[in-house]
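Here is how the chains run, residue by residue.
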Amino acid sequence: MGILVLSFFFGWHLVMAIGGADMPVVVSMLNSYSGWTTAASGFLISNNLLITAGALIGASGAILSYIMCKAMNRSFISVISGGFGMEV
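Residues numbered from 1 in each chain as written. Predicted model: local features only at pLDDT ≥ 70, side-chain atom pairs only at ≥ 80, totals over all residues. Heavy atoms only, no water.

Digging into the packing of helix α2 (residues 23–44) against helix α3 (residues 48–71)
Put simply, α2 and α3 touch, their axes get as near as 7 Å, and they point 160° apart. Our classification of the angle between α2 and α3 gives roughly antiparallel. The handedness of the crossing between α2 and α3 comes out as left-handed. In terms of residue class, the contact of α2 with α3 is built from 15 nonpolar, 12 polar and no charged. (Axes fitted to C-alpha atoms, helices over the stretch in contact; angles between N-to-C directions. Helix = DSSP H or I, 4+ residues; strand = E, 2+ residues; numbered from the N terminus. Parallel < 35°, antiparallel > 145°, perpendicular 65-115°, else oblique. Left-handed = near helix turned anticlockwise from the far one by under 90°. Nonpolar A, V, L, I, M, F, W, Y, C, P; charged D, E, K, R; others polar.)

Shown next, in the form of structure tokens:
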């Protein structure tokens, strides 16, 4: 139960500060996270198909996030950090 609450809080905290135009980058980044998690689970259970599929999904999500950030002339860190550190 504790890990469920912790993962919910981490996910909520990660996406709450993101503005509207940056949301596609965040969705792509979260898709990349799911791919890396799939690859990690493939390593845990020694399944080559999960490793390959997870690596492909993770890499494609990371590349897509990078391309979208370059198209918006913003750094990846500034998109992910959202409104943190800004004066109101």
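Regarding the packing of aromatic side chains
Geometry of an aromatic ring pair is reported as the spacing of the ring centres plus the angle between the planes. Within this structure, the stated rule accounts for one aromatic pair. Seen from their ring centres, Phe9 and Trp12 are 6.3 Å apart, and the 35° between their planes marks the pair as tilted. Note that Phe9 and Trp12 are positioned in helix α1 (residues 2–15) at a spacing of three residues, about one turn of the helix. Accessibility expressed as a relative area gives 46% for Phe9, which makes it partly exposed. Trp12 sits in the partly exposed class, given a relative accessible area of 42%. (Phe/Tyr/Trp six-rings, centres within 6.5 Å; stacked < 30°, edge-to-face > 60°. Buried < 20%, exposed > 50% of the residue type's maximum accessible area, 1.4 Å probe, protein only.)

Here we look at α3
In this model α3 runs 34 Å from its N-terminal to its C-terminal C-alpha over 24 residues, within 8% of the 34 Å that 1.5 Å per residue would give. All of the buried residues along α3 are Ile51, Gly54, Gly58, Gly61, Ser65 and Cys69. At the N-terminal boundary of α3, the capping side chain belongs to Asn47, with an oxygen 3.0 Å from the backbone nitrogen of Leu49. (Expected span 1.5 Å × (residues − 1). Polar contact = N/O pair within 3.5 Å; in protein donor to acceptor, adjacent residues only side chain to side chain.)

Some remarks on the nonpolar core
With five residues, the main nonpolar core is built from Leu14, Ile18, Val26, Met29 and Ile80. Setting aside its immediate chain neighbours within four residues, Ile80 contacts Leu14, Ile18 and Met29. (Core = buried A, V, L, I, M, F, W, Y, C linked by side-chain atoms within 4.5 Å. Contact = heavy atoms within 4.5 Å.)

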